[in-house]
Structure formats: structure tokens, C-alpha cells
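What the coordinates show
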Amino acid sequence: SLTSFSINNKHLRSTTKMKSSCGTRFAFLVLFLFAVQSVCVYAGTGSFHKDVKIHWGDGRGKIHDNEGKLLSLSLDKSSGSGFQSNDEFLYGKAEVQMKLVPGNSAGTVTTFYLKSPGTTWDEIDFEFLGNISGHPYTLHTNVYTKGSGDKEQQFHLWFDPTREFHTYCITWNPERIIFTVDNVPIREFKNSESIGIPFPKIQPMRLYASLWEAEHWATRGGLEKTDWSKAPFTAFYRNYNVEGCVWANGKSSCAANSPWYTQKLDQRGMNRVKWAQRNYMVYNYCTDKKRFPKGVPAVCT
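Residues numbered from 1 in each chain as written. Predicted model: local features only at pLDDT ≥ 70, side-chain atom pairs only at ≥ 80, totals over all residues. Heavy atoms only, no water.

With that out of the way, let us pick up the environment of Val296. Structurally, Val296 can be placed in the segment after β15 (281–284). Given a relative accessible area of 32%, Val296 falls into the partly exposed group. Here the alpha-carbon distance between Val296 and Tyr285, two residues 11 residues apart in the chain, equals 7.6 Å. Val296 has contacts with Tyr285, Cys286, Thr287 and Asp288, leaving out every residue within four places of it along the chain. (Helix = DSSP H or I, 4+ residues; strand = E, 2+ residues; numbered from the N terminus. Buried < 20%, exposed > 50% of the residue type's maximum accessible area, 1.4 Å probe, protein only. Contact = heavy atoms within 4.5 Å.)

Now for helix α4 (residues 267–280). Across its 14 residues, α4 extends 20 Å between first and last C-alpha, which sits within 8% of the 20 Å expected from 1.5 Å per residue. Looking at α4, one finds that the buried residues are Gly269, Val273 and Ala276. For α4, the arc enclosing every buried residue in end-on projection is 65 degrees, short of the 170-degree limit, so these residues lie on one face. Opposite the buried face of α4, by more than 90 degrees, sit the exposed residues Arg268, Lys274 and Arg278. Of the residues flanking the start of α4, the one acting as N-cap is Asp266, its side-chain oxygen 3.2 Å from the backbone nitrogen of Arg268. (Expected span 1.5 Å × (residues − 1). Arc of directions from axis to C-beta. Polar contact = N/O pair within 3.5 Å; in protein donor to acceptor, adjacent residues only side chain to side chain.)

Attention now moves to the pattern of salt bridges. Inspection of every chain in the model, using the stated rule, returns seven salt bridges. Between Asp150 and Arg291 there is a salt bridge; the shortest N-O distance is 2.9 Å. One end of the pair, Asp150, is in the loop between β8 (138–144) and β9 (153–155); the other, Arg291, is in the segment after β15, and 141 residues separate them in sequence. A relative accessible area of 40% places Asp150 in the partly exposed class. Note on Arg291: relative accessible area 30%, which makes it partly exposed. In this structure, the salt-bridge partner of Arg291 is Glu152, at a minimum N-O distance of 2.7 Å. Here Glu152 lies in the loop between β8 and β9 and Arg291 lies in the segment after β15, a separation of 139 residues in the sequence. A cluster of three or more residues bridged by salt bridges with shared partners is formed by Asp150, Glu152 and Arg291. (Salt bridge = Lys/Arg side-chain N within 4 Å of Asp/Glu carboxyl O.)

With that settled, consider the environment of Ser210. Note that Ser210 resides in strand β13 (residues 205–213). For Ser210, a relative accessible area of 5% gives the class buried. With 98 residues separating them in the primary sequence, Ser210 and Phe112 have C-alpha atoms 7.0 Å apart. The residues touching Ser210, leaving out its near neighbours within four places in the chain, are Trp56, Leu73, Ser81, Gly82, Val109, Thr110, Thr111, Tyr113 and Tyr237. Side-chain polar atoms of Ser210 contact the side chain of Thr111, separated by 2.6 Å.

Per the stated rule, a full pass over the model turns up one cavity of 30 Å³ or more. Ranked by the residues each element gives to the lining of the largest cavity, the list is headed by strand β5 (residues 81–99), at five residues. Here the residues of the lining of the largest cavity sort into seven nonpolar, one polar and one charged. (1 Å grid on protein atoms, 1.4 Å probe; cavity = no way out; pocket = protein on both sides within 12 Å on 5 of 7 lines; lining within 4 Å. Points joined across faces, edges and corners; volume = space filled by probe spheres on them. Nonpolar A, V, L, I, M, F, W, Y, C, P; charged D, E, K, R; others polar.)

A few words now on the confidence of the model for the protein. Mean pLDDT over the protein stands at 86; residues scoring 70 or higher make up 83%. Within the model, the stretch residues 1–40 combines pLDDT values under 50 with 23 contacts to residues more than four positions away or in other chains. (pLDDT = per-residue confidence, 0-100.)

This part covers the packing of aromatic side chains. Tallied over the full model, the rule gives 20 aromatic pairs. Ring geometry for Tyr91 against Tyr261: centres 6.1 Å apart, planes inclined by 85 degrees, an arrangement best described as edge-to-face. Taken together, the residues span a long stretch of sequence, with Tyr91 in strand β5 and Tyr261 in the loop between β14 (233–246) and α4 at a distance of 170 residues. (Phe/Tyr/Trp six-rings, centres within 6.5 Å; stacked < 30°, edge-to-face > 60°.)

Structure, rendered in C-alpha cells:
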């Protein structure tokens, strides 16, 4: 990411002492161009206080420290809670560490995702479907383009996501979307527009996180209901970090040399995806012939 550039008063005074007025104008031009370039790519401060807004939940979402490093979301029978990024992005890399609701969390959904507004929205999802005690969480991933999803892949994780914090990351660039867990890529959704598969590339998206109730579908297809005697349910977020291209005034610009902007999986990364999908995938829309009796989508990623 590019470091933000500022001009302080001391520097301004020293600049004006340049002997040549032409040299002075040139110096300011260089500084101005550098400053403009530096704001094209956004790097979050890592502070929930500065980077996000708790936009619903009536006090159920809380930031726990002055530096804004730790945030919790809670759910009870009256309401869940959630936060959203202050900025919208057109491409970016977003990651956060999460510790999920422990114990009997059936019917709860804890999320971290990107989404655009409107009825034909784009969306990139991490959703964690709660469990009954002793059963694994289900990590649900999906990609929506122009309001159409139906591209789900689900996983059981190779660790207990309620005991410690783990890192979840979405990398979204013009060629692909990469989902990673603790730096292990579990899914790559490639841009396949050349064969008619829509890809989210036009609508800017905001980062969201939420904890909400979905007992009608979340746990074993809705078979397990929420035990409200265990409420309030609480999940924790920390080390929130976003590098991306802020959408402002109808446009977004990016430095193409940012590593995430051109990131793709090398052979080792593709092998790790195969490992995760071979050992931990529990649902893949690509193989659901019952759901797609006329044939699965042309490209499954």
C-alpha cells in the first residue's frame, strides 16, 4: 500500500526559500502529483473507530478499546448488529480476524462481506453458519453479480473457529476473487466474462460485517432452531485491514503495481485450494445436479 503524504508548515517554509521561482513552482508540482498519486490507493488505519461505522444493532455492536483494535457484535431475540466501512471500493483486499460464537450457535450467521447497493447488487460473501454444540461451523462462500448468486461453496474448517482468532481475507481484482483462511486459499473465482459468465467489476462495494438470526435456513437447512436461552450470542473482530481503491465522485483509480491488484494463485496456491476442497468442502454448486437438472453452470470456480 502507498503511504499517505502530508506537507507540514516547516516543509512549506523551507520550500519557499528556494532561489528560483521556477524551481519553486516545479517543486510544488512534484509534491502535488505525488500527493494525488498517493491517494489513489487506500490503506485502512486498522482502527475500527476511523474505518467503520456500527450502523445497526442499537448498542449491540461495541468497540472495546481506545485504539479501535477490537470490536464485538451481539445477537439476542430482539436484534442482531453489524458494521460497515466508511468508504466504498472498486477492487481491493479486505481481511479481518474473527472469533465466532462458541457453544450452541444454531441459527446464527456471522458474516464478513462486500456488497453494493440496489436491487441488482454485487456481493462477495464469507458467512459462518452456526452449529449445535459438538458440530462444526459451516463456512459459506458466494459471489453475486447483478443480483444473481447461486455460486455457493461451503466448507468445514480444519480448526475450531470459536477458540482463537483466525484470519479471513477477500482479494478482489479485475481478474479474480480469492478467498483465504489463515493465508490458505480455499477458493478462486475467476473472471470468465469471455464465455458469458458475469463478473463483479462495475459496481463499487462497501465492507460489511454482521451477526444475525437465520434459523429458517442456517443450521442443517433450518432443522436446528436457535436456543435463545443461550443469548446474547457474541462474535469478535480484530485486526481489520483494507487495501483498495476508494470510489469517489463517480470514479475509482488504482495503482496497478499494488500486489493484490494483480494477485493470482501460483502452483502452490492452486494445490492448497485443491487440498482444502478435497478435505473440507461440504457443498459445491458445481456438482449439484439436483439443483441444476439442466446442467451445472458452464464454468464452476
